[in-house]
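As a plain string of letters, each chain reads:
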Amino acid sequence: IFINMLIKNLPQVNLAFPAHIVQGGIRNPSDSLDVHHTTAPTGTTTLRATSRSLPIALLRARERVMGPIRSMLSNAGVTEQQWRVLRVLDETGPTAATEIARQACLLMPSLTRMLQVMDRKGLIARSGHPNDRRKSVVQITDAGRALIAENIAESNRIFADLEAEFGKQRIETLLDLLNELSDAP
């Protein structure tokens, strides 16, 4: 979700993310980092190993987390992006499309096309913004809420499995760290 936006905003950053969070082991933060030396045409540069690259670690973690969720969403007949839109609308109520794009980590052109599909499926309803004709307000429909309700148990089971595997406190710490990183200026 947020990881794609984070990756797009950090393409040149190779910050180390604590291995005990990414790999499930325990690592002393003062340990030396794996470093890979490469020679670029313009000289010698030092890069972190891909195992210590924040963008790559976030992508790997995303894939690990999204596997079971993709299966659930496939069975529900919605995409990851559509699910994020439904979740945002369910939490926020009627919302301007630009705010949905921000909260669901989507680009506006993609969201615009997606909303057309979701409207045809009856999952959302669109209306004009009361103060700005250029904007639209989107809200979840009863069918959209029903789709979420039908998948709550499976979604909660997937999250409970992650907590059981990695530890509830570690998952909470990871979420706090990721939210802090995404909120940083």
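The structure displayed is predicted, hence computed values, not measured ones.

The number of helices and strands found in the protein is eight helices and five strands. If you list the helices and strands of the protein from N to C, you get α-α-β-β-α-α-β-α-α-β-β-α-α. Going through the 185 residues of the protein one by one, you find that 30% of them count as buried. A separation threshold of at least 6 residues defines the contact pool for the protein, and within that pool the share at least 24 residues apart is 52%. Surface exposure of the protein reaches about 11400 Å², of which carbon and sulfur atoms provide 54%.

A few words now on the packing of helix α7 (residues 142–166) against helix α8 (residues 168–183). α8 packs onto α7 with a crossing angle of 105° between their chain directions and a minimal axis gap of 6 Å. Viewed along their axes, α7 and α8 adopt a mutual orientation that is roughly perpendicular. Only Lys168, Arg170, Ile171, Glu172 and Leu175 of α8 make contact with α7, whose side of the interface consists of Phe159, Leu162, Glu163 and Phe166. Here the contact of α7 with α8 is composed, by residue class, of five nonpolar, no polar and four charged.

In this structure, Val85, Leu86 and Leu111 are the most contacted members of the largest nonpolar core, which totals 26 residues. Of all the elements in the fold, those that place two or more residues in this core are α3 (54–76), α4 (80–92), α5 (97–103), α6 (108–121), β5 (136–140) and α7. Sorting elements by how many residues they give to this core places α4 first, with five residues. Sequence-distant contacts of Leu86, that is, excluding residues within four places in its chain, are made with Met118, Leu123, Ile124, Ile140, Gly144, Leu147 and Ile148.

Let us now look at α7. An α-helix turns once per 3.6 residues; consequently, residues spaced three or four apart project the same way. Here α7 is 25 residues long and its end C-alpha atoms lie 35 Å apart, about the 36 Å a rise of 1.5 Å per residue gives. Looking only at α7, the buried set comprises Gly144, Leu147, Ile148, Asn151, Ile158, Leu162 and Glu163. Buried residues in α7 make contact with α3, α4, β5 and α8. Remark: Gly167 follows α7 within two positions and exhibits a positive phi of approximately 100°.

Reading across from one edge, β3-β5-β4 is the order of the three strands in this open sheet, with antiparallel pairing throughout. Each edge of the sheet is formed by a strand with only one pairing partner; in this case those strands are β3 (95–96) and β4 (124–128). Judged from the five bridges that link them, β4 and β5 form a sheet pairing that is antiparallel. The partner of Arg126 across the bridge, within β5, is Val138. In the packing of α4 onto the sheet, contacts are made with β3, β4 and β5, and the angle to β5 comes to roughly 90°. Packing of α6 onto the sheet brings it into contact with β4 and β5, and relative to β4 it is tilted by some 120°.

Parameters at a glance
Residues numbered from 1 in each chain as written. Predicted model: local features only at pLDDT ≥ 70, side-chain atom pairs only at ≥ 80, totals over all residues. Heavy atoms only, no water. Helix = DSSP H or I, 4+ residues; strand = E, 2+ residues; numbered from the N terminus. Buried < 20%, exposed > 50% of the residue type's maximum accessible area, 1.4 Å probe, protein only. Contact = heavy atoms within 4.5 Å. Areas by Shrake-Rupley, 256 points an atom, 1.4 Å probe, with all protein chains shown as cover. Axes fitted to C-alpha atoms, helices over the stretch in contact; angles between N-to-C directions. Parallel < 35°, antiparallel > 145°, perpendicular 65-115°, else oblique. Nonpolar A, V, L, I, M, F, W, Y, C, P; charged D, E, K, R; others polar. Core = buried A, V, L, I, M, F, W, Y, C linked by side-chain atoms within 4.5 Å. Expected span 1.5 Å × (residues − 1). Pairing = 2+ DSSP bridges.

Don't take any of this as a statement about function, it's just geometry.
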